[in-house]
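Descriptive analysis of the structure
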Amino acid sequence: VSGVKVSKDAINPGDVVEISTSITNGGGLTSDRYVLQTTVTKDGSVVKVFTNEVDPMQPTSSKQINNTYIFGKYDAPGNYKIVAVLKDLAGRQVSTSEDLQNIFVNVNEVPSTTVSGKSTQLGILNIKVTVTVKNEGNVPAKNFYVTESIPFIARELFEPAAKPDTTKTEGASIVYGWFVD
């Protein structure tokens, strides 16, 4: 293994990374057939393994083997290590990219909390509002704030079941706010 390159070293979840491994036969004889294993790990755990057969190579020749990895939408942020290992057909290590360099791809944090639905149910003496919040990011959602407004004239008729953190008047409405952690 004479080198490993990645198309990007900082990405967002869902991005594609091309992993290019160069193999060189620096000897004076045609090489044997080998197997190249390229492994993507995160914190020591294997995420993906690519296995490619390497045909015999002429003396002083090189070849490049490419693998494409698509990071998942919810893959955890942080550094992912890329290691290429060349093995003989018996499974013995011949060469590794770790002898040359350490290659990492950093997956960025992408917080993304959105309101995915809101429903209102009317009863005889009550109104029930349900707000559904969905986390579409790759990190736990941070605290957020939910608001609901009712006409100012109705403030005496209705009272929130859960005590709001804030209550304020905006125009002809009263706005309740709840901090969600």
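Look up: the structure comes first, before these words.
Quick summary incoming for the structure in this document.

All right, on to the sheet that holds strand 3 (residues 16-25) then. On the basis of which strands lie adjacent, the open sheet formed by three strands has the order 1-3-6 and antiparallel pairing. Looking at which strands have only one partner, the edges of the open sheet turn out to be strand 1 (3-6) and strand 6 (61-70). The average angle at which neighbouring strand axes cross in this sheet is 20°, direction not considered. Where strand 3 lies against strand 6, 10 bridges are found, and the strand directions are antiparallel. What sits directly across from Ser22, in strand 6, is Gln64.

Residue position: Ser31 is located in the loop between strand 3 and strand 4 (34-42). Overall, the relative accessible area of 14% leaves Ser31 in the buried class. In this structure the side chain of Ser31 is engaged in a polar contact, spanning 2.8 Å, whose partner is the backbone nitrogen of Met57. Setting aside residues no more than four positions away along its own chain, Ser31 makes contact with Asn25, Asp55, Pro56 and Met57.

To continue, consider the packing of aromatic side chains. One pass over the full model with this rule turns up four aromatic pairs. With 4.7 Å between their ring centres and 85° between their planes, Tyr69 and Phe71 make a pair best called edge-to-face. The pair formed by Tyr69 and Phe71 is uniform in burial state, with each residue classed as buried. Between Phe71 and Tyr80, the aromatic rings sit 5.1 Å apart at their centres with planes inclined by 80°, giving edge-to-face as the arrangement. For Phe71, a relative accessible area of 2% corresponds to the buried category. On the basis of relative accessible area, Tyr80 is assigned to the buried category, the value being 3%. Put simply, the rings of Phe50, Tyr69, Phe71 and Tyr80 pair up and form one aromatic cluster. For Lys48, the ring lying beneath its charged end belongs to Phe50, and the centroid distance is 5.3 Å.

Thresholds applied
- Residues numbered from 1 in each chain as written.
- Predicted model: local features only at pLDDT ≥ 70, side-chain atom pairs only at ≥ 80, totals over all residues.
- Heavy atoms only, no water.
- Pairing = 2+ DSSP bridges.
- Helix = DSSP H or I, 4+ residues; strand = E, 2+ residues; numbered from the N terminus.
- Axes fitted to C-alpha atoms, helices over the stretch in contact; angles between N-to-C directions.
- Buried < 20%, exposed > 50% of the residue type's maximum accessible area, 1.4 Å probe, protein only.
- Polar contact = N/O pair within 3.5 Å; in protein donor to acceptor, adjacent residues only side chain to side chain.
- Contact = heavy atoms within 4.5 Å.
- Phe/Tyr/Trp six-rings, centres within 6.5 Å; stacked < 30°, edge-to-face > 60°.
- Lys NZ or Arg CZ within 6 Å of the ring centre and 35° of its normal.

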